[in-house]
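Residue strings, one per chain:
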Amino acid sequence: MEDMIFYDRLQFAFTITFHYIFPQLTMGLSLIIVYFKWKYLRKKVEKYNDAAKFFMKIFAINFTMGVVTGIPMEFQFGTNWAKFSELTGSIIGQTLAMEGMFSFFLESSFLALFIFGEKLMGQKLHFLTGFLVFLGSWASGWFILATNAWMQHPVGYEILENGKFVLNNFSALFSNPWLLPAFLHNQIAAVVTSSFVVASVGAFYILRNKNIEYGKLFLKTGVVLGLVSSVLLAFPTGDWNAKNVAKYQPASFAAMEGIFETEEAGSEIILIGQPNMVEKKIDNKIAVPNILSFLTYQKWDKQIPGMDQFKKEELPNNVPALYYSYHIMVGLGTIFIGIMSLAVFFLWKRKLYNIKPLLWAIMFLFPFPYIANITGWYTAELGRQPYLVYGLLKTSDGISPTVSSGNTLFTLLGFVGLYMLLGLLFLVLVGKTIHLGPKHQTY
Amino acid sequence: MEIFWFIIIAVVLAVFFILDGYDFGVGIIHLFWAKKEKDKEVIAKSAGLFWDSNEVWLVAAGGMLFMAFPTFYASVFSGFYLPLIIVLWLIIFRAIGLEFRSQFKHQMWKDMWDKSFGISSLLLALFFGIALGNIVRGVNLGGVQNNISTYEGHYFFLPLWNNRFSPLSEHPGVIDWFTIIIGLITVVVLAIHGANWIILKTTSSINKQLKKVVLKLNIMLLLLTIFSLGIWQIINPNSLNNFIDKPYLIIFPIIYFSALIGLFFIKKLKKDIQPFVLSTLLILGGITSSLASMFPVILPSTNTINESLTIYNTAATEYGLLVALNWGIVGFILLFVYMIIQKRLMGGKIDKMDYGH
Ligand code: HDD
Ligand code: HEM
Ligand code: HEM
C-alpha cells in the first residue's frame, strides 16, 4: 500500500512537472505574440509581423508538447487516482470538462488558422485569430486553476452518505476565494517565463551579431515586460497568495515558512536556513524578527501558529521539500526583480546592447523562471498534503484500488523514457527555429 | 438527464473517431501503400495539419465522461490501466512522428519517423478496437473469485491477456480472440476511412489505386463483421435482445450496413466527398450499434455477483448534470461556429493550398 501511493505520487509529480514546462510558455507567449501583431497593425513595420510569426512557430512546438503531455494528465485521474475520481469527479469534472469545451477547442481551432491563414484572411482577421489563441490558452489556465483551487479550498459541495462529493453550488467554484489570486499569480508567472525567453533569444542574437534588428526588439520587449511582471508577481499577487495560505491552510503555512515553534509576540521571517526535522529547528538561520507577522497581517506582534500547534497527521509529510520549494521560488523572484531592474535601467540609459556581461546573464537566465514556476507548484501541492482535497480527503484514500505498484512502476519508467525522447526532440526543434532566425522560417 | 449526457458523450466520442479516425487510417495507408516520397509527404501532411485539433475531441469526451459518469470513469480507467497507458504512449509516439518527420531533409530521418507514425497509427486503431471489444464483452467486475468479490463491486483489473486468450474463461484478459477481431475490424474501418480522406484531400498519384484498396478492405470488413456477430452470439447469447425489445434501435445497424454496401460502389461515385461520407456513416453506425446493443448498460459484468455498470448507477447527481447541460449548450454552439469558420477557410485539396509563406 505505501509503495503504491509512493509510485502513484511520483508518476503524477513527474508527468505534471513535465507537462507544466510547456503551458507556462504558451500562455505567456500568446500574450507577447498578440502584442507584436498589434504593433504591426499600428505601425506597419514588417519586423513586428516577423516577430509575431517567429514566436508563433515556437508556440506551436510548445503547444504540441502541451497537448501530448496533457492527455496523460487527464487519463491519470482515472488510471491512478480512481477513488479520487469516483468521489469528486462530479465536481472537478465540471471544470475539467469546461476546460476542454471552452479553451482547448478555441485554442486549437484558431492556432491552425493563425499559422496557415495569414494570406487567406488578411491582417485584421489574422490579429483576431492570434487574440483568440491567447484567450483560449488563458481560459485553459483559468479552468485548471479552478480545479486546483477546489482541491486546495473546497467550496460549493455536499458529502453524501456513501462518501461522494457532489456539487450544490456551481458558481461557488468560480468565486472560490483561492482562485483569483492563484490565477493571477500563475498567469503572471507564465508571462515572466516567456518574457525571459524572449529576452534571452534577443540577447543571443545580439551577442552573436546576427539578426541584430530582431535581437534588439526581443531584448527590449523581454526586459521591460520581464520587470513589470516580476514585480507584480511579488506584490500584490505573491503576497495575496501567502495571506490565503495563512488563512486557509495554517499548517502548510507554518511548514512553508519553516516556523517550528510559535513565537508569542510576532513571527520572524526566515531568509536562509535548513530545516532540521530531528531537532525541530532551522540550522544556520538568518532571520529578521517580526517581519512575517507584519507581511501577513500588517501587525508586528500578531501571533502565527507554528508547527508545534498542529497534530502530526495534519502537517505536510515532507516539510523540508516544501520549505525549500517555497524559498527557492521567493528567492528567485527577488533575483529576477534585481536583474531586470538593472537591465531596464541600462536600456533607459541606452547602454544595454553594449554591456556584454549583462547580456550573457540575460541569455542564461531563461531556465530560472521555469524552476521558480515548478517550485511554486511544489509549494502548493506539497503544502496541500496529506490531503488531496484539503481537510476532507486524504491522499492515501484517493488511489486506484486495483492497480498494483508494479504496474505503476512499469508505466512510470515508460513515461520517463518517452519523455526523455520528447524533451530531446523539443530542444532540437526549438534550437533549430532559433538558429534559423525570424526571417527564414518555413512552415 | 443521464440519457442525455450519454448521448452527448457518445456523439463526441463518435466525432473523435471520425476525425482522428481518418488520421489513424491515413497512418495505416501511409505504412502499407505510400511508396513515392512525394505521396508520402502529401499524405503525412493531410493528417499532420489537423491531428491536434482532432485530438481535442478525445480530451473533451474524457472530461465529460469524468463529469457525468465519475464512477464509470474511475472503474474503467483503473481497470484497463495497462492498455490505456499504452494507448497514451502510442498517441505521443505518433505525434512525434508526424511533427518531426519533415524537420530535417534527411532520408533516414524521414523513414524512421514515417515508420513510427505508421506503426503507432496501426496499433492505436487496433487498441481502440480491442477496447471497444472489451466493453462489449464485459469484465469480471469486483474481481470475483470463488463467488467472492476481491474489490468493491464496481472495480476490476484486467491483465493484458490470460493463458488461453479466451473470452469465455472466468477471467478474461484485455486481449483475447474476440477483442482481437473487433480490433481488426476497427483497423479495417479506419484504413478505409483514411483512404477516403486522402482521396478527398489530396491529388496524390495513388488516389486511383486507393479506390481498389478500399474495395478489397471492404470485402474483408464484410466477412469480419459477419464472423464477429456469430462469435458474439456464442459469448453472450442475449447480445441482440435490445434490438428485439426496442426495434427502433435497428436504425443503427442499418446505417452501418448501408454504408458498408455503399462502399462497394466506390468506383462509380463521382465526387471525392461521397466515399468519405460513407465511411463516416460506417464509423457512426458501428459505434452507435455497439452502444445500442448494451444500453443502458455501459460495462457488462461477466459474473452474477456484481451488477453491470449502467448509466444510472455511475452517474453524477441531477444538479451537476443540469448545470453542465447549460454550459454545454453554450460550448457546443461556440464549437460549431469555430468549425464553420475553420472549414470555410481551410477547405479544398491540401497540396494545392498556399499557406502564405
Ligand atoms: C516565475 C515563477 C514564480 C515566482 C518568481 C514567484 N512565484 Fe509564487 N507561485 C508560482 C510562481 C512564481 C506558481 C507556479 O505560479 C504558483 C503555484 C500555484 C500558483 O497558483 O502559482 C505559485 C504559488 C505561490 C504561493 C501559493 C502556495 C500555496 O498554494 O501553498 C505563494 C504564497 C506564492 N507563490 C508566493 C510568492 C512570493 C511571495 C513570491 C515573491 C517573489 C513568488 N511567489 C514568486
Ligand atoms: C492546477 C492543476 C493541478 C491539479 C488539479 C493537480 C492535482 C494533483 C493530484 C490529483 C495529485 C496527486 C495526489 C497527491 O500526491 O497530492 C497531485 C500531486 C502533485 N502535483 Fe499537482 N495538480 C495540479 C497542478 C500541478 C502542477 C502545475 C504541478 C507542478 C509543476 C504539480 C505538482 C504536483 C506534485 C509534485 C504532486 C505530488 C505531491 C506529492 O508527492 O505529495 N501539480 N496534484
Ligand atoms: C493536473 C493538472 C493538469 C491536467 C489534467 C491537464 C490537462 C491537459 C490536457 C488534457 C491538455 C491537452 C489539451 C489539448 O488536447 O489541446 C493540456 C494542455 C494544456 N494545459 Fe494542462 N493540465 C494540467 C495542468 C495544467 C496547468 C497547471 C496549466 C496551467 C495553468 C495547464 C495549462 C494547459 C494549457 C495552456 C494547455 C494547452 C496546450 C498548450 O498550450 O501547451 N495545464 N492540459
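Since we're looking at a predicted model, the values are computed, not measured.

Calculation rules
- Residues numbered from 1 in each chain as written.
- Chains lettered and ligands numbered in written order.
- Predicted model: local features only at pLDDT ≥ 70, side-chain atom pairs only at ≥ 80, totals over all residues.
- Heavy atoms only, no water.
- Helix = DSSP H or I, 4+ residues; strand = E, 2+ residues; numbered from the N terminus.
- Rg over C-alpha atoms; globule rule 2.2 N^0.38 Å.
- Contact = heavy atoms within 4.5 Å.
- Areas by Shrake-Rupley, 256 points an atom, 1.4 Å probe, with all protein chains shown as cover.
- Near = heavy atom within 4 Å.
- Polar contact = N/O pair within 3.5 Å; in protein donor to acceptor, adjacent residues only side chain to side chain.
- Nonpolar A, V, L, I, M, F, W, Y, C, P; charged D, E, K, R; others polar.
- Donors = N, O, S within 2.8 Å, 3.2 Å for Na, K, Ca; no water.
- Tetrahedral: all angles 85-135°; square planar, octahedral: opposite > 155°, others 65-115°.
- Buried < 20%, exposed > 50% of the residue type's maximum accessible area, 1.4 Å probe, protein only.
- Pairing = 2+ DSSP bridges.
- Axes fitted to C-alpha atoms, helices over the stretch in contact; angles between N-to-C directions.
- Parallel < 35°, antiparallel > 145°, perpendicular 65-115°, else oblique.
- Patch = residues over 30% accessible without salt bridge, like charges linked within 9 Å, V, L, I, M, F, W, Y side chains within 5 Å.
- Salt bridge = Lys/Arg side-chain N within 4 Å of Asp/Glu carboxyl O.
- Core = buried A, V, L, I, M, F, W, Y, C linked by side-chain atoms within 4.5 Å.
- Arc of directions from axis to C-beta.
- Domains from an automatic or database assignment.
- Buried area = accessible area lost by both parts, 1.4 Å probe.

### Examining the overall build of chain A
Okay, step 1: Assigned secondary structure in chain A consists of 14 helices and six strands.
Okay, step 2: The C-alpha radius of gyration computed for chain A amounts to 23 Å, which stays within 12% of the reference 22 Å derived for 443 residues, consistent with globular compactness.
Okay, step 3: Considering only C-alpha atoms, chain A reaches an extent of 65 × 50 × 40 Å along its principal axes.
Okay, step 4: Expressed as a percentage of contacts within chain A between residues at least 6 apart in sequence, the contacts between residues at least 24 apart total 77%.
Okay, step 5: Accessible area for chain A stands at about 17,600 Å²; split by element, carbon and sulfur atoms hold 67% of it.

### Observations regarding the site of ligand 3
Okay, step 1: Ligand 3 sits among 27 residues. The nearest are His19(A), Tyr20(A), Thr26(A), Gly70(A) and Glu107(A).
Okay, step 2: Ligand 3 sits at a junction of chains, with neighbouring residues supplied by chains A and B.
Okay, step 3: In this structure, Thr26(A) approaches ligand 3 through a side-chain N or O atom, which is 2.9 Å from an oxygen atom.
Okay, step 4: One nitrogen or oxygen atom from the side chain of Glu107(A) is found 3.1 Å from an oxygen atom belonging to ligand 3.
Okay, step 5: For the shell around ligand 3, the secondary structure elements donating two or more residues are helix H1 (2-43), helix H2 (46-79), helix H3 (82-116) and helix H5 (123-152) of chain A together with helix H3 (51-68) of chain B.
Okay, step 6: Broken down by element, the residue count for the shell around ligand 3 peaks at nine residues, all from H2(A).
Okay, step 7: The class makeup of the residues in the shell around ligand 3 is 16 nonpolar, nine polar and two charged.

### Some thoughts on the coordination of the iron atom of ligand 1
Residue and element names in this part refer to chain A.
Okay, step 1: Protein-derived ligands of the iron atom of ligand 1 are His-185 (NE2) and Met-329 (SD), with the metal-ligand distances lying across 2.1 to 2.4 Å.
Okay, step 2: Here the iron atom of ligand 1 is ringed by six donor atoms whose angles at the metal span 82 to 179 degrees, and the overall shape comes out octahedral. One end of the pair, His-185, is in helix H7 (residues 179-208); the other, Met-329, is in helix H11 (residues 319-348), with 144 residues separating them in the sequence. Like His-185, the residue Met-329 is buried in the burial classification.

### Remarks on the site of ligand 1
Residues and elements named next belong to chain A.
Okay, step 1: As a matter of local geometry, ligand 1 sits amid 25 residues, with His-185, Asn-186, Leu-233, Met-329 and Asn-373 nearest to it.
Okay, step 2: Here an oxygen atom of ligand 1 sits 3.3 Å away from a polar atom, N or O, in the main chain of Ala-182.
Okay, step 3: At 2.9 Å from a nitrogen atom of ligand 1 is found a side-chain nitrogen or oxygen belonging to His-185.
Okay, step 4: Those elements that provide at least two residues to the shell around ligand 1 are H7, helix H8 (212-248), H11 and helix H13 (367-384).
Okay, step 5: At seven residues, the largest contribution of residues to the shell around ligand 1 is made by H13.
Okay, step 6: Of the residues assigned to the shell around ligand 1, the class counts are 17 nonpolar, eight polar and no charged.

### Considering the pairing of strand S3 (residues 269-276) of chain A
All names here are of chain A.
Okay, step 1: Both S3 and strand S4 (residues 281-288) contribute to a ladder of six bridges, which runs antiparallel. Bridge pairing links Ile-270 to Ala-287 in S4.
Okay, step 2: Hairpin connection between S3 and S4: a loop of four residues separates the two successive antiparallel strands, and Lys-280 in this loop has a positive phi of roughly 55 degrees.

### Focus: helix H9 (residues 250-257) of chain A
Residue and element names in this part refer to chain A.
Okay, step 1: Counting buried positions over the eight residues of H9 gives seven, a clear majority of the element.
Okay, step 2: Residues of H9 that are buried: Ala-251, Ser-252, Phe-253, Ala-254, Ala-255, Met-256 and Glu-257.
Okay, step 3: Elements in contact with the buried residues of H9: H8, S3, helix H10 (291-297), H11 and H13.
Okay, step 4: Taken from the residues just after H9, Gly-258 is the one with a positive phi, measuring 75 degrees.

### Things to note about the environment of Val15(B)
Residue and element names in this part refer to chain B.
Okay, step 1: For Val-15, the location among the structural elements is in helix H1 (residues 2-32).
Okay, step 2: Taking relative accessible area as the criterion, Val-15 reaches 22% and is therefore assigned partly exposed.
Okay, step 3: Taking C-alpha positions, Val-15 is 18 Å from Leu-126, a pair spaced 111 residues apart along the chain.
Okay, step 4: Setting aside residues no more than four positions away along its own chain, Val-15 makes contact with Asp-20 and Trp-57.

### Let's talk about the packing of H2(A) against H8(A)
Residues and elements named next belong to chain A.
Okay, step 1: Relative to each other, H2 and H8 sit at 75 degrees, their axes nearing to 11 Å. One finds that H2 runs roughly perpendicular with respect to H8. Note on element contacts: H8 touches H2 through Glu-213, Tyr-214, Leu-217 and Phe-218, opposite Lys-47, Tyr-48, Asp-50, Ala-51, Phe-54 and Phe-55.
Okay, step 2: Looking at the contact of H2 with H8 residue by residue, the class counts come to seven nonpolar, no polar and three charged.

### Some words on a nonpolar patch on the surface
Residues and elements named next belong to chain A.
Okay, step 1: Together, Leu-271, Ile-272, Ile-286 and Val-288 give the surface a local cluster of nonpolar side chains, amounting to about 340 Å² of exposed area.
Okay, step 2: Of all elements in the fold, only S3 and S4 reach the threshold of two or more residues within the nonpolar patch.
Okay, step 3: Its location among the elements puts Leu-271 in strand S3.

### Things to note about the nonpolar core
Okay, step 1: Core analysis: the largest hydrophobic core is formed by 236 residues, its most contacted members being Phe218(A), Trp5(B) and Phe69(B).
Okay, step 2: Sequence-distant contacts of Trp5(B), defined by excluding residues within four places in its chain, comprise Met64(B), Met67(B), Ala68(B), Phe69(B), Leu321(B), Ala324(B) and Leu325(B).
Okay, step 3: Ile188(A), Ile206(A), Leu233(A) and Leu358(A) belong to the second largest nonpolar core, which has 24 residues in total.

### Observations concerning helix H12 (residues 356-363) of chain A
All names here are of chain A.
Okay, step 1: For H12, the full list of buried residues reads Leu-358, Leu-359, Ile-362 and Met-363. Around the axis of H12, the buried residues are gathered within 140 degrees of arc, so they sit on the same side.
Okay, step 2: On its buried side, H12 packs onto H7, H8 and H11.

### Quick look at the domain arrangement of chain A
Residues and elements named next belong to chain A.
Okay, step 1: Each assigned domain of chain A is listed with its residue range as follows: domain 1 (1-169 + 404-428) and domain 2 (187-397).
Okay, step 2: Contact residues are listed per partner, giving 39 residues for domain 1 and 37 residues for domain 2.
Okay, step 3: Counting the surface lost from both domain 1 and domain 2, the interface buries some 3,300 Å², and carbon and sulfur atoms represent 71% of this.
Okay, step 4: Remark: the boundary between domain 1 and domain 2 carries zero salt bridges.
Okay, step 5: Broken down by secondary-structure element, the contributors of at least two residues to the side of domain 1 that touches domain 2 are H1, H2, H3, H5 and strand S1 (157-159).
Okay, step 6: Among the elements that line the side of domain 1 that touches domain 2, the one with the most residues is H1, at 15 residues.
Okay, step 7: Classifying every residue of the side of domain 1 that touches domain 2 gives 27 nonpolar, eight polar and four charged.

### Describing the interface of chain B and chain A
Okay, step 1: Counting residues at the interface gives 65 residues for chain B, matched by 67 residues for chain A.
Okay, step 2: Summed over both sides, the interface between chain B and chain A buries roughly 6,300 Å², with carbon and sulfur atoms accounting for 77% of that surface.
Okay, step 3: For the chain B face of the interface with chain A, the top three residues by lost area are Phe66(B), Tyr81(B) and Trp327(B), together amounting to 12%.
Okay, step 4: Counting the contacts that link chain B with chain A gives zero salt bridges.
Okay, step 5: Linking chain B with chain A are nine residue pairs in polar contact (both at pLDDT 80 or more), by the criterion used here.
Okay, step 6: Broken down by secondary-structure element, the contributors of at least two residues to the side of chain B that touches chain A are H3, helix H4 (70-79), helix H5 (81-100), helix H6 (107-137) and helix H12 (318-346) of chain B.
Okay, step 7: Ranked by residues supplied to the side of chain B that touches chain A, first place goes to H12(B) with 15 residues.
Okay, step 8: In the side of chain B that touches chain A, the residues fall into 47 nonpolar, 13 polar and five charged.

### Remarks on the pattern of salt bridges
Residues and elements named next belong to chain A.
Okay, step 1: Taken as a whole, this structure holds six salt bridges over all chains when the rule is applied.
Okay, step 2: A salt bridge links Glu-86 to Lys-83; its shortest N-O distance comes to 3.2 Å. Within this pair, Glu-86 and its partner Lys-83 are both found in helix H3, separated by three residues, close to a single helical turn. In this pair, the class of Glu-86 matches that of Lys-83, namely buried.

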